[in-house]
Amino acid sequence: MHTISTQTAPIVKMEFLSFQLAGMEYGVDCRKVKELRTFQSLERFASEGAIVKGVAVSRGVIMPLVDMRVAFNERAASPGPLTDVIILQLSSCVMGMVVDGVTDVVRMYPDQITPIPGMTRDSGCDYLMGLGEIDGRRLILVDIDKLMSIRRETVAGAQKAA
């Protein structure tokens, strides 16, 4: 006699670290987050650029700091008391991401994530995973490995061609 199992694998919640940029809330996969630091607590050195805010040392690891406030807003923002650095372990390196502030950890089921309206595969925004909605909040979910692998020249060239 054969029995057929009707059990399905449990649906696992995904965890995202949420953060603020210019009044909007974003989320990155918590598995990519190595550490959280305040901007003022990092030992920084080297020259600053528009998006790369120099190089910092955290727990003996030297890493670039990318100011997402400039990357997403195209204007420089002075660090404030709530400015945080999310230290990420990417597939290619360790880096710090400067944001307006870290909010919390959000747990979502896959069915709480929908495609971003108007985004297609050809739009050049494959780093946007979707829009997460939970308890009246909306988070723009970002695949941080894909976002940080974009070359600035490629993006600038695509914008000029459009």
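Everything discussed here concerns the structure shown above.
Residues numbered from 1 in each chain as written. Predicted model: local features only at pLDDT ≥ 70, side-chain atom pairs only at ≥ 80, totals over all residues. Heavy atoms only, no water.

Given two aromatic rings, their pairing is described by the distance between the two centres and the angle made by the two planes. Under the definition given, this model contains one aromatic pair. Consider the rings of Phe 19 and Tyr 26, whose centres lie 5.8 Å apart with planes at 20°: the pair is stacked. The pair formed by Phe 19 and Tyr 26 is uniform in burial state, with each residue classed as buried. (Phe/Tyr/Trp six-rings, centres within 6.5 Å; stacked < 30°, edge-to-face > 60°. Buried < 20%, exposed > 50% of the residue type's maximum accessible area, 1.4 Å probe, protein only.)

Before going further, it helps to spend a moment on the environment of Asp 104. The residue Asp 104 is located in strand S9 (residues 101-108) in this model. Judged by relative accessible area, which is 29%, Asp 104 ranks as partly exposed. In this structure the C-alpha to C-alpha distance between Asp 104 and Gly 27, which are 77 residues apart in sequence, comes to 9.4 Å. Beyond its immediate chain neighbours, meaning those up to four positions away, Asp 104 contacts Phe 16, Leu 17, Ser 18 and Arg 137. A distance of 2.7 Å separates polar atoms of two side chains, one belonging to Asp 104 and the other to Ser 18. (Helix = DSSP H or I, 4+ residues; strand = E, 2+ residues; numbered from the N terminus. Contact = heavy atoms within 4.5 Å. Polar contact = N/O pair within 3.5 Å; in protein donor to acceptor, adjacent residues only side chain to side chain.)

Counting residues in each nonpolar core, the largest one holds 22 residues, and the members touching the most others are Phe 19, Val 28, Ile 86, Leu 88, Met 97, Val 142 and Ile 144. Excluding residues that lie within four positions of it along the chain, Val 28 makes contacts with Glu 15, Phe 16, Leu 17, Phe 19, Val 33, Met 97, Val 142 and Ile 144. Within the second largest apolar cluster, nine residues are counted, among which are Phe 39, Met 63, Leu 65 and Val 85. (Core = buried A, V, L, I, M, F, W, Y, C linked by side-chain atoms within 4.5 Å.)

Right, let's talk about the pairing of strand S8 (residues 94-99) for a bit. In terms of residue burial, S8 counts as a mostly covered element, since six of its six residues are buried. Residues Val 94, Gly 96 and Val 98 line one face of S8 and the alternating positions Met 95, Met 97 and Val 99 line the opposite face, and both faces are buried. As judged from the three bridges shared by strand S6 (residues 61-67) and S8, these two strands associate in the parallel manner. Across the sheet, the residue bridging to Val 66 is Met 97, located in S8. Between strand S7 (residues 84-89) and S8, which pair antiparallel one after the other, the connecting turn spans four residues. (Pairing = 2+ DSSP bridges.)

Oppositely charged side chains can pair when the atoms bearing their charge come close. Summed over all chains, the structure comprises nine salt bridges. For Arg 69, the salt bridge goes to Asp 67, with nearest N and O atoms at 2.7 Å. Accessibility classification places Arg 69 together with Asp 67 in one group, the buried group. Asp 104 is the partner of Arg 137 in a salt bridge, and the nearest nitrogen-oxygen pair spans 3.1 Å. In this pair, Arg 137 is assigned in strand S12 (residues 137-142) and Asp 104 in strand S9, connecting sequence segments 33 residues apart. (Salt bridge = Lys/Arg side-chain N within 4 Å of Asp/Glu carboxyl O.)

Its location among the elements puts Asp 84 in strand S7. Filtering out sequence-adjacent residues up to four positions away, Asp 84 remains in contact with Arg 37, Thr 38, Phe 39, Met 97, Val 98, Val 99, Asp 100, Gly 101 and Val 102.

What follows concerns unusual backbone geometry. Located in the positive-phi region is Ala 22, a residue other than glycine, with phi close to 50°. Here Ala 22 lies in the loop between strand S1 (14-21) and strand S2 (24-29). At Arg 59, a position not held by glycine, the phi torsion is positive, near 55°. Along the chain, the position of Arg 59 falls in the loop between strand S5 (52-58) and S6.

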